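Architecture at a glance
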Amino acid sequence: MKALLSLIVVLFISVAANTNSFYEENNAPSKFTGTYNGLTEDMEFEFTDVNGKTYLFQEVGEDVAYDLYEEENFGQKFNVTWEERMVEETDDEGEPTGNTFKVKVIIDLEKL
């Protein structure tokens, strides 16, 4: 019985360790080179890469050196580093609703 319990604990720990490393690998920051097109009607930051793929971002990290609200950055080419984050939804009064959703966040910009 002790051996069976030990086997179950070892299997559980192995699965948990593999799940965490899989999650971390898939949440590693992503990168691309693209042209900043400005803000969309929904106030998302829009970029287009060299292949014509459009990327939309809902947030910009505090450490980003460029202000994407400034028109001088429209049409500029950047190396963009970004990640997805889970954000808790709030109601009109700013109270949490209990729902979460993913947002794409720019964490670094390098002007080319």
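Here is a short report on the structure shown in this document.

Each value, and the rule that gives it
- Residues numbered from 1 in each chain as written.
- Predicted model: local features only at pLDDT ≥ 70, side-chain atom pairs only at ≥ 80, totals over all residues.
- Heavy atoms only, no water.
- Salt bridge = Lys/Arg side-chain N within 4 Å of Asp/Glu carboxyl O.
- Buried < 20%, exposed > 50% of the residue type's maximum accessible area, 1.4 Å probe, protein only.
- Helix = DSSP H or I, 4+ residues; strand = E, 2+ residues; numbered from the N terminus.
- Contact = heavy atoms within 4.5 Å.
- Core = buried A, V, L, I, M, F, W, Y, C linked by side-chain atoms within 4.5 Å.

Across all of its chains, the model carries two salt bridges by this definition. Between Glu83 and Arg85 there is a salt bridge whose closest N-O contact spans 2.7 Å. According to the relative accessible area criterion, Arg85 is partly exposed, its value standing at 35%. Of the charged contacts in the structure, one is a salt bridge between Lys102 and Glu84, with a shortest N-O distance of 3.6 Å. Linking Lys102 in strand β6 (residues 96-111) with Glu84 in strand β5 (residues 77-90), this pair joins segments that are 18 residues apart in sequence. When its relative accessible area of 55% is taken as the criterion, Lys102 is described as exposed.

Moving on, we get to the environment of Met86. Take Met86: it is sitting in strand β5. In this structure the C-alpha to C-alpha distance between Met86 and Val103, which are 17 residues apart in sequence, comes to 6.4 Å. If we skip the residues at most four places from it in the chain, Met86 touches Thr100, Phe101 and Lys102.

Phe47, Phe57, Val80, Ile106 and Leu109 are the most contacted members of the largest nonpolar core, which totals 13 residues. Broken down by secondary-structure element, the contributors of at least two residues to this core are β1 (30-39), β2 (45-49), β3 (54-57), β5 and β6. Looking at this core element by element, the count peaks at three residues for β5. Dropping the residues within four chain positions of it, Leu109 is found in contact with Phe47, Val64, Tyr66, Leu68, Phe78, Asn79 and Val80.

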